[in-house]
Amino acid sequence: MKILGIETSCDETAAAVVEDGVKVLSNVVASSAAMHEKYGGIVPEVAAREQLRCIIPTINEALGSEYDAIAVTVGPGLIGSLLVGVETAKTLCMVTGKPLIPVNHVLAHMYANFVDNKKIIFPAISLVVSGGHTELYLMKSVKDITWLGGTLDDAAGEAFDKTARLLGFGSRGGLAIQKNAKKSDVIHLPRPMMRDDSLNFSFSGLKTAVMREWKKHNTSDVKASPTSEVKSAFAYEIQEAITDVLVEKTNRAARKYNVKSILLSGGVAANTRLREKLPQAIVPPVSLCTDNAVYIASYAYFRGKPEDWHTITSVPDLSVEI
Ligand code: KG4
Ligand code: ZN
């Protein structure tokens, strides 16, 4: 079965056609990330307008082949962005008569691991780490998912992004932190909640800790010297702190549920240090970690259910705790 996936939950407009959840027939992603750079973060109104401008050309480019069903992200995400994908998908269903499958964006992220026929042995622990989410799931089969824990405040990607901005590395700065990190023992940051028994996370204190450390090590403006040794030391320690906690909690969950596989997904799963520290984990290619429509179509194939398009709506705060 060939499924057309449509993804517009944030600042990427994406469409893809995937056969039987594993074979990518097309994959198109347009991003408005660069437009938000000057504002220091995503501006929802700008993101929504860019979604509207890009959605038809993006779907058109992805539609090289026939398809049997349509899958669309209905949440969680920015309401203005979600509406563009959802209403476009409903219109397509209305005119083609094909079934429409609503998709939860965060659950879908983990299906990037199933693309290209990777053989996953269950049970598995799945860590979804993106700009908006840090969630741990137990997967007993390709359909059977249980939420185990998540962040109590900021997501791991958000912690990368907020601290990157403090250091003057731009707005979506996870990759910049990775590129600038140089091993050093100068800066020391906390590992929040690493030793507690739960499978929850907390990353909001990291930004404050970075500010506090910065004052100790530098009296000038944080943004003054973007290439300094101190900045590289900060980038290193920020990356170590975030990945240490992610790795510890993921391994703890893996032991607790005696699993056979560990899966990573989401934008932060692109991080090379995180991959290094979890060498046993199954990871998608970097291009399928950040937002795209391939995993939307894959999720729909493995776990989605068609619904009457009249009743499908955008749900910005769609729950990820299942
Ligand atoms: O999954 P994603 O594209 O969008 C959301 O659903 O949120 O994730 C984006 C997040 C951003 O916070 C970005 O800084 C982070 O993924 N990210 C990285 C890397 N590449 C992207 N974080 C750390 N290291 C990277 N290489
Ligand atoms: Zn995402």
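Remember, predicted model here, so these are calculated numbers, not experimental data.

Each value, and the rule that gives it
Residues numbered from 1 in each chain as written. Chains lettered and ligands numbered in written order. Predicted model: local features only at pLDDT ≥ 70, side-chain atom pairs only at ≥ 80, totals over all residues. Heavy atoms only, no water. Helix = DSSP H or I, 4+ residues; strand = E, 2+ residues; numbered from the N terminus. Buried < 20%, exposed > 50% of the residue type's maximum accessible area, 1.4 Å probe, protein only. Contact = heavy atoms within 4.5 Å. Areas by Shrake-Rupley, 256 points an atom, 1.4 Å probe, with all protein chains shown as cover. Lys, Arg positive; Asp, Glu negative; His and termini not counted. Charge placed at Lys NZ, Arg CZ, Asp CG, Glu CD. Domains from an automatic or database assignment. Buried area = accessible area lost by both parts, 1.4 Å probe. Salt bridge = Lys/Arg side-chain N within 4 Å of Asp/Glu carboxyl O. Polar contact = N/O pair within 3.5 Å; in protein donor to acceptor, adjacent residues only side chain to side chain. Donors = N, O, S within 2.8 Å, 3.2 Å for Na, K, Ca; no water. Tetrahedral: all angles 85-135°; square planar, octahedral: opposite > 155°, others 65-115°.

A. Looking closely at the overall build of the protein chain. The helix and strand inventory of the protein chain stands at 11 helices and nine strands. For the protein chain, the spread of C-alpha atoms along the principal axes amounts to about 65 × 45 × 30 Å. Counting across all 322 residues of the protein chain, residues that qualify as buried make up 54%. The long-range fraction of contacts in the protein chain, counting pairs at least 24 apart against all pairs at least 6 apart in sequence, stands at 72%. Only carbon and sulfur atoms are counted for the fraction: they give 55% of the accessible area of the protein chain, which is about 13,700 Å². Both charge centroids of the protein chain, one from 35 positive and one from 35 negative side chains, sit 4 Å from each other.

B. Region of the structure containing the domain arrangement of the protein chain. You can read the domains of the protein chain as domain 1 (2-111 + 287-311) and domain 2 (119-283). Using only C-alpha atoms to locate each centre, domain 1 and domain 2 end up separated by 26 Å. Across the boundary between the two partners, domain 1 contributes 16 residues, which contact 20 residues of domain 2. Interface of domain 1 and domain 2: buried area, both sides summed, is about 1,500 Å²; carbon and sulfur atoms make up 64% of it. Summed over the three residues of domain 1 that lose the most area to domain 2, namely Val106, Met110 and Cys289, the buried surface amounts to 37% of that side. Joining domain 1 to domain 2, the criterion identifies zero salt bridges. On inspection of domain 1 and its partner domain 2, the count reaches four residue pairs in polar contact (both at pLDDT 80 or more). Elements supplying a minimum of two residues to the side of domain 1 that touches domain 2: helix 4 (105-109) and helix 11 (294-303).

C. Molecular detail of the coordination of the zinc ion (ligand 2). At this site the zinc ion (ligand 2) is bound by His105 (NE2), His109 (NE2) and Asp291 (OD), with donor distances of 2.0 to 2.2 Å. Each of the four donor atoms around the zinc ion (ligand 2) contributes to a set of angles spanning 99 to 132°, which defines the coordination as tetrahedral. Between consecutive donor residues of the zinc ion (ligand 2), the sequence gaps follow H-x3-H-x181-D. One end of the pair, histidine 105, and the other, histidine 109, are both in helix 4, four residues apart, so they sit about a helical turn from each other. There is no split in this pair, since histidine 105 and histidine 109 are both buried.

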